There are 2 protein chains.
Amino acid sequence: MIYELNETHDPALKCRVESAHNPETEFPIQNLPLGIFTKGNKTPHIGIAIGDRILDLFECGKRGLLDGLPLPLLDACAAEQLNRLMALDPELWSRLRMHVSRLLQTGEKAKSLAGQIDDSLIPMRSCTMLMPARIGDYTDFYASIHHARNVGSMFRPDSPLFPNYRYVPIGYHGRASSIVVSGTSICRPCGQLEHPGFAPDFGPCRMLDYELEIGALIGHGNPLGKPIRMTNAESHLFGICLVNDWSARDIQKWEYQPLGPFLAKSFATTISPWVVSMEALAPYRCPAPVRDPDDPAPLPYLFSSENAQTGGIDLDLQVSIYTERMREDLQHPAGVSCSNLTNLYWTFAQLVTHHASNGCNLMPGDLMASGTVSGVDKSSRGCLLELAWRGTDPVLLPNGEERRFLEDGDEVIFSAHARRKGFASIGLGECRGIVAPAVHQSNFTHS
Amino acid sequence: MIYELNETHDPALKCRVESAHNPETEFPIQNLPLGIFTKGNKTPHIGIAIGDRILDLFECGKRGLLDGLPLPLLDACAAEQLNRLMALDPELWSRLRMHVSRLLQTGEKAKSLAGQIDDSLIPMRSCTMLMPARIGDYTDFYASIHHARNVGSMFRPDSPLFPNYRYVPIGYHGRASSIVVSGTSICRPCGQLEHPGFAPDFGPCRMLDYELEIGALIGHGNPLGKPIRMTNAESHLFGICLVNDWSARDIQKWEYQPLGPFLAKSFATTISPWVVSMEALAPYRCPAPVRDPDDPAPLPYLFSSENAQTGGIDLDLQVSIYTERMREDLQHPAGVSCSNLTNLYWTFAQLVTHHASNGCNLMPGDLMASGTVSGVDKSSRGCLLELAWRGTDPVLLPNGEERRFLEDGDEVIFSAHARRKGFASIGLGECRGIVAPAVHQSNFTHS
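Note that this is a predicted model, so its numbers are computed, not measured.

About the thresholds
Residues numbered from 1 in each chain as written. Chains lettered and ligands numbered in written order. Predicted model: local features only at pLDDT ≥ 70, side-chain atom pairs only at ≥ 80, totals over all residues. Heavy atoms only, no water. Helix = DSSP H or I, 4+ residues; strand = E, 2+ residues; numbered from the N terminus. Expected span 1.5 Å × (residues − 1). Buried < 20%, exposed > 50% of the residue type's maximum accessible area, 1.4 Å probe, protein only. Polar contact = N/O pair within 3.5 Å; in protein donor to acceptor, adjacent residues only side chain to side chain. Salt bridge = Lys/Arg side-chain N within 4 Å of Asp/Glu carboxyl O. Pairing = 2+ DSSP bridges. Axes fitted to C-alpha atoms, helices over the stretch in contact; angles between N-to-C directions. Contact = heavy atoms within 4.5 Å. Buried area = accessible area lost by both parts, 1.4 Å probe. Nonpolar A, V, L, I, M, F, W, Y, C, P; charged D, E, K, R; others polar. Phe/Tyr/Trp six-rings, centres within 6.5 Å; stacked < 30°, edge-to-face > 60°. Lys NZ or Arg CZ within 6 Å of the ring centre and 35° of its normal. Least-squares fit on C-alpha atoms with pLDDT ≥ 70 in both. pLDDT = per-residue confidence, 0-100. Core = buried A, V, L, I, M, F, W, Y, C linked by side-chain atoms within 4.5 Å.

1. Considerations on helix α4 (residues 90–104) of chain A
Residues and elements named next belong to chain A.
Working step 1: The terminal C-alpha atoms of α4, which comprises 15 residues, lie 21 Å apart, in line with the 21 Å expected from a rise of 1.5 Å per residue.
Working step 2: Along α4, 11 of the 15 residues are buried, which leaves the element largely enclosed by surrounding structure.
Working step 3: Among all positions in α4, only Pro 90, Leu 92, Trp 93, Ser 94, Leu 96, Arg 97, His 99, Val 100, Ser 101, Leu 103 and Leu 104 are buried.
Working step 4: Structurally, the start of α4 carries an N-cap: the backbone nitrogen of Glu 91 is 2.8 Å from a side-chain oxygen of Asp 89.

Structure, rendered in structure tokens:
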């Protein structure tokens, strides 16, 4: 089920929040992403980003602005996390979106409620964003064939792609407890490092990297033992956010065989706080990626004609790095790559169906990340491992600094924008994290 | 911190529950494992297994039997899951154990309370056991070198063990949502199956297997970014249970490169409902496994002298299979292998310290499983893949049936017992699961 275009997508909508008309805003009235915020350590509330404000859904409920919506929806809007809302029927998500869009429009309908609405709008800069949901399970996929081929060719030049790649949406379970919200600083991890010919030692990671990913948050789930067909897969998607799957390449290289990445990833994963709904993304849907003529068709359980036609999302992705020196010199962050979500070999619907194809139960709030979204061109590579080609071709920053991997004090900033002629442009907000030095641990074998 | 022996371990203790003196019981008064039960769909309560009864801690609290214990402990004992109890200081776990031991002893102290105590004891057979904790993250290790070597030699005869094995406690993140409690039937999963030379197809797994494991449940956790030293690692362990890490070997073989097992495992993991505390296990502690003279010493961050001396647990493990034909013929389940937890190359303390060594935060209720506990001998192999050597050497059951892998209707039963001369023998209870046929899915490419 791809959402149909409706009134909420109309680019001509007028919003009572002036900043929502700023051409720079990522949060025009056509977006309406959901998140969890707190102001001054008060109880967290669900909010909707609109221009430079947050519409506080708890306050809206208290002031009667949500009257007329079904009770389960009202209950879910008063919660401290999005999980209850996620667990509801998608039809109710749509009702909420339409309702909020009309509240925020400058039409007759909302005029009589103007006072209450304005009282429920809070300046975004006075709020702290929290994790949008309690993430029970986090799965990280490997859905960009360009990323898989680049990384594979560094480690296995003769056979960069394993024979399964074009058939199986490759993925692995990630660590849920260490997922943090944008703005949290990231401690450089320690771990075992290989020294070929010598024993490994234990110390701070020297090859710290980011990975540019998009994550889908699961709405309602499926019972254990009941797979999800492709024709239903989209209805299980609640929305998307940015994901930085921080990676310790040296720890990863030594530990990953034979069971895959573990401590190289589990020290932290950052997500952006705003969840952009699948309905908001409706105007930017596009065909699933066209495969090479030599590529096999997806197996039947991973195919639907709707998915082939509209399973993709045309979403521009950007990575910037903001080093300590740039901050000291009052410069801007430096863009290092631009990619697009259409670079994925598999769609999110295919990832959902594959994930549940063995009967695995997905739960509201589960995070399914795409894997690094690299494209064909060098400029679209989604991690430093690829951009600097394993350290052999350092990235030159505009201020003359070079990066093979991340240094302490580097801040990594992801952003994402969907644009289509005749429609508003919307953004996902930012996913940021600054690298803090490793915590001193005794017991290091080397100094 | 290994618990010291105290009054609760005294083999001479007399218990007011007669069945706790049955030489066959796994739950004498020296054990006192914790679990969550429900009777007739009532609210779940925390219970303690004693002989063939369950001591209902909620009822105990209501009747004043826990009076005198600190308030946070009383609160935690009234919860519907063990997580709050797990999050407390280990000293409080000990207070609860001592308190309950004295309530159940036939001494003067409990005489005046006899009526209330008896009213809080429920026949185990009238109860349904539930998941003991909300498991946030599940990690599966690979801590038996014998298992790693056996499996490695099937797929890589020239180099069965990767060079990292003797340095790194290899592990991967598992799926938390599909962990189920003993007694839940297990649907045979479907998945992509390889047909060398042809395209893969999608259908029911043909190489379904069990894996005999022990799981440690985490007590209090560590903050993100704060590793756990070896000298503190034991204090983070709340207790242990049996784990069956069901595995679809054919799905696994095709999907696992390069990111490790995923759908081959995530369809279900079964755990036993009773959590045996680390304090109950104190009499059965033993040295960490002695390494081969050629093996490297553990890196310093994974070493403590206490762990070397008492990091192991001498725990006998048994696997039985109960086929449909055995049930029809009213036979007993057939034992197929016996192992011991001392077959592990790494101790649970080392697994905890390694897991948190990159700053990863462990949380109360997290499950850390050992990986398949295979020993040197054939009779101690902990999965059918090893026992029947990839199907080449079928297991002959006493009634003449053969097994290469599990068939529909097979029930797999794990049990575990700790025994030491001069002490009571205790058990972990059972971990059972019966294989149900695959759910019919259309979209199969082959019939």
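Following the structure, the description resumes.
2. Thoughts on the pattern of salt bridges
Opposite charge on two side chains allows them to pair when their charged atoms are near.
Working step 1: All told, the structure shown has 47 salt bridges over all chains when counted by the stated rule.
Working step 2: We note a salt bridge from A:Asp245 to A:Lys265, for which the minimum N-O separation is 2.9 Å. Separated by 20 residues along the polypeptide, A:Asp245 in the loop between β14 (237–244) and β15 (247–248) and A:Lys265 in the loop between α8 (249–255) and β16 (269–271) bring together distant segments of the chain.
Working step 3: With relative accessibility at 1%, the residue A:Asp245 sits in the buried group.
Working step 4: The shortest N-O distance in the salt bridge between B:Arg403 and B:Glu401 comes to 3.3 Å. Per residue, the accessibility class of B:Arg403 equals that of B:Glu401, and both read buried.

3. Some points on the sheet that holds strand β1 (residues 34–38) of chain A
Residues and elements named next belong to chain A.
Working step 1: Taken together, five strands build an open sheet; the order of strands is β4-β3-β2-β1-β5 and the sheet is antiparallel. Each edge of the open sheet is held by one strand with a lone partner, namely β4 (121–123) and β5 (128–130). Pairs of neighbouring strands in the sheet enclose a mean axial angle of 50 degrees, with direction left out of account.
Working step 2: Relative to strand β2 (residues 45–50), β1 runs antiparallel, the two being bridged by four bridges. Following the sheet pairing, Leu 34 is matched in β2 by Ile 48.

4. Brief notes about the interface of chain A and chain B
Working step 1: Contacts between the two partners involve 62 residues from chain A, matched on the other side by 63 residues from chain B.
Working step 2: Summed over both sides, the interface of chain A with chain B buries roughly 6,000 Å², with 62% coming from carbon and sulfur.
Working step 3: Between the two partners, chain A and chain B, sit four salt bridges.
Working step 4: The closest approach of N and O atoms between B:Arg175 and A:Asp137, which form a salt bridge, is 3.4 Å.
Working step 5: Where chain A touches chain B, the interface holds 24 residue pairs in polar contact (both at pLDDT 80 or more).
Working step 6: Elements that contribute at least two residues to the side of chain A that touches chain B include exactly β6 (138–141), β7 (171–174), β10 (190–193), β11 (201–204), α8 and α11 (348–356) of chain A.
Working step 7: For the side of chain A that touches chain B, the leading source of residues is β7(A), giving four residues.
Working step 8: Tallied by class, residues from the side of chain A that touches chain B come to 34 nonpolar, 22 polar and six charged.

5. Here we look at the packing of aromatic side chains
Working step 1: Overall, the coordinates contain 18 aromatic pairs over all chains when judged by the stated rule.
Working step 2: Between A:Tyr167 and B:Trp254, the ring centres sit 6.0 Å apart and the planes meet at 50 degrees, which makes this aromatic pair tilted. Of the two residues, A:Tyr167 is situated in the loop between α6 (145–155) and β7 and B:Trp254 in helix α8 (residues 249–255); the pairing between them involves two chains. One exposure class covers both A:Tyr167 and B:Trp254, and it is buried.
Working step 3: Members of the aromatic cluster, joined through ring pairs, are A:Tyr142, A:Tyr165, A:Tyr345 and A:Trp346.
Working step 4: Positioned over the ring face of A:Trp346 is A:Arg291, at 4.5 Å from the centre of the ring.

6. So, the side chain of B:Ser380
Residue and element names in this part refer to chain B.
Working step 1: Its place among the elements puts Ser 380 in the loop between β22 (367–369) and α12 (384–387).
Working step 2: Classification of Ser 380 by relative accessible area gives buried; the value is 8%.
Working step 3: A distance of 3.1 Å separates a polar atom in the side chain of Ser 380 from the backbone nitrogen of Gly 375.
Working step 4: For Ser 380, the side chain forms a polar contact with the main-chain oxygen of Asp 377, separated by 2.7 Å.
Working step 5: When neighbours within four sequence positions are excluded, Ser 380 is seen to be in contact with Cys 338, Ser 339, Val 373, Ser 374 and Gly 375.

7. Side note on the relation of the copies chain A and chain B
Working step 1: With an axial shift of 0.0 Å and an RMSD of 0.0 Å, the rotation relating chain A to chain B amounts to 180 degrees. In short, the pair behaves as if placed about a two-fold rotation axis. Minimal C-alpha separation from the rotation axis in chain A is found for A:Gly260, amounting to 2.2 Å.
Working step 2: Looking at the interface residues of chain A, 100% of them are also at the interface in chain B, so both copies use one shared face.

8. Re the confidence of the model for chain A
Interpreting fine coordinate detail is not advised for predicted regions of low pLDDT.
Working step 1: Taken over all residues, the pLDDT of chain A has a mean of 96, while the share at 70 or more is 98%.
Working step 2: Throughout residues 443–447 of chain A the model reports pLDDT below 50, and contacts reaching past four residues in sequence, or to other chains, amount to 11 contacts.

9. Description of the nonpolar core
Working step 1: Counting 272 residues, the largest nonpolar core has A:Leu104, A:Tyr210, B:Leu104 and B:Tyr210 as its most contacted members.
Working step 2: When sequence neighbours within four positions are dropped, the list of residues in contact with B:Leu104 reads B:Lys14, B:Cys15, B:Arg16, B:Val17, B:Ile29, B:Leu32, B:Ile50, B:Leu55, B:Ile117 and B:Leu121.

10. Brief notes about the sheet that holds strand β5 (residues 128–130) of chain B
Residues and elements named next belong to chain B.
Working step 1: If you walk across this open sheet you meet the five strands as β4-β3-β2-β1-β5, and the pairing is antiparallel. Either end of the sheet is taken by a strand with one partner, and the two such strands are β4 (121–123) and β5. Ignoring which end each strand starts from, the neighbouring axes of this sheet average 50 degrees apart.
Working step 2: Bridge count between strand β1 (residues 34–38) and β5: three bridges; the pairing is antiparallel. In the strand pairing of β5, Phe 37 is matched with Met 129.

11. Here's the deal with the side chain of B:His99
Working step 1: Examined against the element boundaries, B:His99 turns out to sit in helix α4 (residues 90–104).
Working step 2: With residues up to four places along the chain from it excluded, the contact list for B:His99 reads B:Leu65, B:Leu66, B:Asp67 and B:Leu69.

12. Quick look at unusual backbone geometry
Residue and element names in this part refer to chain A.
Working step 1: The omega angle of the peptide bond from Gln 257 to Pro 258 is 5 degrees, so this bond is cis rather than trans.
Working step 2: Turning to its location among the elements, Pro 258 is positioned in the loop between α8 and β16.
Working step 3: We note that Asn 41 has phi near 65 degrees; this positive angle belongs to a residue other than glycine.
Working step 4: Of note, Leu 330 is a non-glycine position whose phi angle comes to about 55 degrees, a positive value.
Working step 5: For Leu 330, a relative accessible area of 76% translates into the label exposed.

13. A short note on the pairing of strand β14 (residues 237–244) of chain B
All names here are of chain B.
Working step 1: Where burial is concerned, most of β14 is hidden: eight out of the eight residues are buried.
Working step 2: Where strand β13 (residues 212–218) meets β14, seven bridges bridge the pair, whose relative direction is antiparallel. What sits directly across from Ile 218, in β14, is Leu 237.
Working step 3: Note: β14 against strand β16 (residues 269–271), two bridges, orientation antiparallel. Note that in β16 the partner of Asn 244 across the bridge is Thr 270.

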